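What the coordinates show
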Amino acid sequence: MTTVSTSHLPAGEPVLTTDVVGTDFGLPLVRPTRSRQGSRVRVVRSHCKAHGGVVVWFTDGTKTPPLHGRTAWIVAEGEPGAHPSARVVA
């Protein structure tokens, strides 16, 4: 299982998230998941610093609430329906 921190999360990376946990001004909110079971694959569009932390936007129109500290994301490599990883490993 590969994990990536929010600060190193590139656009195009498929990661595992929860189902929608709420809304923020009409936009569905999701959170990083801690296990593969019951999780959904979402592809990162971008991430940016916000007043309360870092917000990650996904290509399906969902986003996270502001995340604080060191948040780790599980990369969805080999998951059914996942796109190939856009990461470059040096």
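Just so it is clear, the structure is predicted and the values come from calculations on it, not from any experiment.

The rules behind each value
- Residues numbered from 1 in each chain as written.
- Predicted model: local features only at pLDDT ≥ 70, side-chain atom pairs only at ≥ 80, totals over all residues.
- Heavy atoms only, no water.
- Helix = DSSP H or I, 4+ residues; strand = E, 2+ residues; numbered from the N terminus.
- Buried < 20%, exposed > 50% of the residue type's maximum accessible area, 1.4 Å probe, protein only.
- Contact = heavy atoms within 4.5 Å.
- Areas by Shrake-Rupley, 256 points an atom, 1.4 Å probe, with all protein chains shown as cover.
- Pairing = 2+ DSSP bridges.
- Phe/Tyr/Trp six-rings, centres within 6.5 Å; stacked < 30°, edge-to-face > 60°.
- Polar contact = N/O pair within 3.5 Å; in protein donor to acceptor, adjacent residues only side chain to side chain.

Our focus in this paragraph is the overall build of the protein chain. When you go through the protein chain residue by residue, the secondary structure sums to zero helices and seven strands. Counting across all 90 residues of the protein chain, residues that qualify as buried make up 33%. For the protein chain, contacts bridging at least 24 residues in sequence account for 56% of all contacts bridging at least 6. For the protein chain, the accessible surface area stands at approximately 5600 Å², while carbon and sulfur atoms represent 54% of it.

On strand S2 (residues 14–17), burial covers both faces: Pro14 and Leu16 on one face and Val15 and Thr17 on the other are all buried. With four bridges joining them, S2 and strand S5 (residues 40–50) adopt antiparallel strand pairing. Residue pairing in the sheet places threonine 17 in a bridge with arginine 40 of S5.

The subject of this paragraph is the packing of aromatic side chains. Under the counting rule described, the total for this entry stands at one aromatic pair. Seen in terms of ring centroids, phenylalanine 58 and tryptophan 73 are 5.8 Å apart; in terms of plane orientation they differ by 65°. Their pairing is edge-to-face. Pair noted here: phenylalanine 58 is in strand S6 (residues 53–58) and tryptophan 73 is in strand S7 (residues 72–74), with a separation of 15 residues, a long-range link. Like tryptophan 73, phenylalanine 58 is buried.

Let us now look at the environment of aspartate 24. Mapped onto the elements, aspartate 24 comes out in strand S3 (residues 22–24). Overall, aspartate 24 belongs to the partly exposed group, its relative accessible area being 24%. Through-space distance from the C-alpha of aspartate 24 to that of threonine 62 is 9.9 Å; in sequence the pair is 38 residues apart. With residues up to four places along the chain from it excluded, the contact list for aspartate 24 reads Leu29 and Lys63. At a separation of 2.7 Å, a polar atom in the side chain of aspartate 24 contacts the side chain of lysine 63.

Within the fold, threonine 62 resides in the loop between S6 and S7. A polar contact is formed between the side chain of threonine 62 and the side chain of arginine 42, at a distance of 3.3 Å. Apart from the residues lying within four places of it in its own chain, the contact partners of threonine 62 are Pro28, Val30, Arg42, Val56 and Trp57.

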